[in-house]
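Residue strings, one per chain:
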Amino acid sequence: MAKETMKEMLAMIDAKIEHIEDITADNRAIIVKLVKQNNQIVQFLKSLELEIDQDEKILLSDSDSKLNKLMELVEQFKEDNEEFKKFVEEMEENQDKLTPGQFGES
C-alpha cells in the first residue's frame, strides 16, 4: 500500500475513534443525569413513608399534606388539560370564522 493511502486510513480510523469517544462522553453525562434524577425520585418516595394498617388501609405519615397538595395539583392539571382540549376542538371547528390578528367583536 502507498504511504498516502495508509495515512488516509489512519486519519479515518482516528476520526472514528474520536467520534466514539465523544459519544461515550455524552452517554456518561446522560447516565449521571439519570442517576441524579433516580436519586431524587427515591428520596421523594422515602419522604412519603406509607404504612399499611392491618385492615389494609393506607395511613399516611407527616407527608400527608404534601401528598394532598400534590394530588390537588394533579387534579388541577387534568381539569386544565381537558379545558385546553375543548378549546382546541372549538378553535378547529371555528377556524374558518377566525381572522388572525383581529381582536374583539367586528
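Residues numbered from 1 in each chain as written. Predicted model: local features only at pLDDT ≥ 70, side-chain atom pairs only at ≥ 80, totals over all residues. Heavy atoms only, no water.

## Description of a nonpolar patch on the surface
Part 1 of the argument: On the surface, a cluster of nonpolar side chains totalling about 420 Å² of accessible area is made up of Ile41, Phe44, Leu45, Leu70 and Val74.
Part 2 of the argument: Those elements that provide at least two residues to the nonpolar patch are α1 (3-48) and α2 (64-93).
Part 3 of the argument: As for its position among the elements, Leu70 is in helix α2. (Patch = residues over 30% accessible without salt bridge, like charges linked within 9 Å, V, L, I, M, F, W, Y side chains within 5 Å. Areas by Shrake-Rupley, 256 points an atom, 1.4 Å probe, with all protein chains shown as cover. Salt bridge = Lys/Arg side-chain N within 4 Å of Asp/Glu carboxyl O. Helix = DSSP H or I, 4+ residues; strand = E, 2+ residues; numbered from the N terminus.)

## Re a negative patch on the surface
Part 1 of the argument: A cluster of acidic side chains, namely Asp14, Glu18, Glu21, Asp22 and Asp26, defines a negative patch on the protein surface.
Part 2 of the argument: Looking at where Glu21 falls in the secondary structure, it is placed in helix α1. (Lys, Arg positive; Asp, Glu negative; His and termini not counted. Charge placed at Lys NZ, Arg CZ, Asp CG, Glu CD.)

## What about the confidence of the model for the chain?
Part 1 of the argument: The share of residues in the chain with pLDDT of 70 or more is 75%, and the mean pLDDT across the chain is 76.
Part 2 of the argument: Considering each helix and strand of the chain separately, the mean pLDDT is smallest for strand β1 (residues 51-52), with a value of 46, and largest for α1, with 88.
Part 3 of the argument: Low pLDDT, under 50, characterises residues 51-60; the predicted model gives this stretch nine contacts beyond four residues in sequence or across chains. (pLDDT = per-residue confidence, 0-100. Contact = heavy atoms within 4.5 Å.)

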